[in-house]
Amino acid sequence: MAQAPSILILEDVDSTNAEARRRAEAGQTEPLWIVARRQGEGRGRRGREWVSETGNLYATLLTTTRKAPAEAAQITFVAALAVADLICSFVPAPLVTIKWPNDVMIEADKAAGILVESGAHEMGGLWLAVGIGVNLAHAPSGTERPATAIGGHLKGEVRAAPTVAEAIEVLAHHFAIWMDRWDTLGFQPILDAWVARSRGLDQGCTARLGHETVSGIADGVAADGSLRLKLADGSMRLISAGDVFFGSDIPGKAA
């Protein structure tokens, strides 16, 4: 089994992904979880601000890989499964789903997001920064999609949302399990587990792709993790990245 990452908890940082990048570019090769109690410049996909209220989890796994870039990107699915397991430790499992590609939802509201960044490492291969934000105690308002937090959906036997220190220990444990499965069994078991927890894969779907927006019916996920989108003319479009809305979440569509 690969070396277990250590955990570093910082009081304040610009963003955990930025800190991971700095360490990677300085030559660090040992895996490390970087956690911040507060972020001043947290980021989501496409450079969006990630609201960073004290009491939520902001963490980045810094690691290295010899996998090709396309294969290394599969770590996004590993991360989504680990985050879902974290949330299920405190929230009833039937409420927890994954929305393509890596938003983890509680009762259809966003509870966590993932941002993976990478670059060439001076020692060879790639460095990967797997940024994860989980709403433990607070949910931001005014977001494009409704957000929620673990604290609002606790299991009967759970008295409170986890602390940052508790949450990172649970997340790191589950992440290590899924990483080991990926490394030893390949991507297909990861994808199968991800599909079993997903939502929206047989619904109407709109994908915003930079300067283009396409709509159709989501037709499952390809072997590489791309979303299969069946267009009105019957053709199939593979979506590897973008802002995706399913069913009643589609902008302008009544719920």
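Up top is the structure these notes are about.
Summarised in this report is the structure supplied together with it. (Residues numbered from 1 in each chain as written. Predicted model: local features only at pLDDT ≥ 70, side-chain atom pairs only at ≥ 80, totals over all residues. Heavy atoms only, no water.)

## Concerning the packing of aromatic side chains
- All chains considered together, the criterion is met by 3 aromatic pairs.
- Residues Trp33 and Phe175 carry aromatic rings whose centres are separated by 5.4 Å and whose planes lie at 85° to one another, so their mutual orientation is edge-to-face. You can see Trp33 sitting in strand β2 (residues 32-36) and its partner Phe175 sitting in helix α4 (residues 164-185), a full 142 residues away along the chain. The exposure classification of Trp33 matches that of Phe175, with both residues buried.
- Ring geometry for Phe77 and Phe187: centres 5.4 Å apart, planes at 75°, overall edge-to-face. Here Phe187 lies in helix α5 (residues 187-196) and Phe77 lies in helix α3 (residues 75-88), a separation of 110 residues in the sequence.
- Members of the aromatic cluster, connected to one another through ring pairs, are Phe77, Phe187 and Trp194.
- Its guanidinium or amino end placed over the ring of Trp182, Lys67 lies 4.5 Å from that ring's centre, counting from NZ or CZ.
- Just above the ring of Trp178 sits the side chain of Arg181; from NZ or CZ to the centre is 4.4 Å. (Phe/Tyr/Trp six-rings, centres within 6.5 Å; stacked < 30°, edge-to-face > 60°. Helix = DSSP H or I, 4+ residues; strand = E, 2+ residues; numbered from the N terminus. Buried < 20%, exposed > 50% of the residue type's maximum accessible area, 1.4 Å probe, protein only. Lys NZ or Arg CZ within 6 Å of the ring centre and 35° of its normal.)

## With respect to the sheet that holds strand β1 (residues 6-10)
- Strand order in the open sheet made by the 8 strands is β1-β2-β3-β7-β6-β5-β4-β8, with mixed pairing throughout. Because the sheet does not close on itself, it has two edges, and the strands there are β1 and β8 (198-199).
- Judged from the 9 bridges that link them, strand β6 (residues 109-120) and strand β7 (residues 126-134) form a sheet pairing that is antiparallel. Opposite Ala120, over in β7, you have Leu126 as the bridge partner. (Pairing = 2+ DSSP bridges.)

## Describing the packing of α3 against α5
- The geometry of α3 relative to α5 is characterised by a closest axis approach of 10 Å and an angle of 45° between their N-to-C directions. Classified by the angle their axes make, α3 and α5 are oblique. With respect to the hand of their crossing, α3 and α5 are arranged in left-handed fashion. Of the residues in α5, those touching α3 at Phe77, Val78, Ala80 and Leu81 are Phe187, Ile190, Leu191, Ala193 and Trp194.
- Of the residues belonging to the contact of α3 with α5, the class tally is 9 nonpolar, no polar and no charged. (Axes fitted to C-alpha atoms, helices over the stretch in contact; angles between N-to-C directions. Parallel < 35°, antiparallel > 145°, perpendicular 65-115°, else oblique. Left-handed = near helix turned anticlockwise from the far one by under 90°. Contact = heavy atoms within 4.5 Å. Nonpolar A, V, L, I, M, F, W, Y, C, P; charged D, E, K, R; others polar.)

## Description of the sheet that holds strand β11 (residues 227-230)
- With respect to topology, 5 strands assemble into an open sheet ordered β12-β11-β10-β9-β13, the strand pairing being antiparallel. Unpaired on one side and paired on the other, β12 (236-239) and β13 (243-246) mark the two borders of the sheet. Within the sheet, the average angular offset between the axes of one strand and its neighbour, ignoring direction, is 40°.
- Examined bridge by bridge, strand β10 (residues 212-221) and β11 share 3 bridges and lie antiparallel to one another. Pairing of Ile217 across the sheet is with Lys230, part of β11.

## A look at the environment of Arg208
- Looking at the secondary structure, you find Arg208 in strand β9 (residues 204-209).
- Measuring from C-alpha to C-alpha, the distance between Arg208 and Arg21 comes to 28 Å, with 187 residues separating the pair along the chain.

## Overview of the nonpolar core
- Counting residues in hydrophobic clusters, the biggest one holds 62 residues, and the most contacted among them are Leu57, Ile87, Ile132, Val134, Phe175 and Trp194.
- In terms of residue count, the dominant contributor to this core is α3 (12 residues).
- Residues in contact with Ile87, not counting those within four places in the same chain, are Val96, Val104, Ile106, Ala111, Ala112, Val134 and Ile150.
- Core analysis: the next-biggest nonpolar cluster, separate from the first, contains 7 residues, Ala20, Leu32, Ile34 and Trp127 among them. (Core = buried A, V, L, I, M, F, W, Y, C linked by side-chain atoms within 4.5 Å.)

## Concerning α5
- Here α5 has its buried residues at Phe187, Ile190, Leu191, Ala193 and Trp194. Down the axis of α5, the buried set is contained in an arc of 165°. They therefore lie on one face.
- Residues of α5 that are buried make contact with α3, β4 (96-99), α4, β8 and β10. (Arc of directions from axis to C-beta.)

## Focus: the pattern of salt bridges
- Following the criterion strictly, the structure yields 13 salt bridges and no others.
- When the shortest N-O distance is used, the salt bridge between Asp14 and Arg22 registers 3.0 Å.
- For Arg22, a relative accessible area of 40% corresponds to the partly exposed category.
- By sharing partners, the salt bridges in this structure join Asp14, Glu19, Arg22 and Arg23 into a single network. (Salt bridge = Lys/Arg side-chain N within 4 Å of Asp/Glu carboxyl O.)

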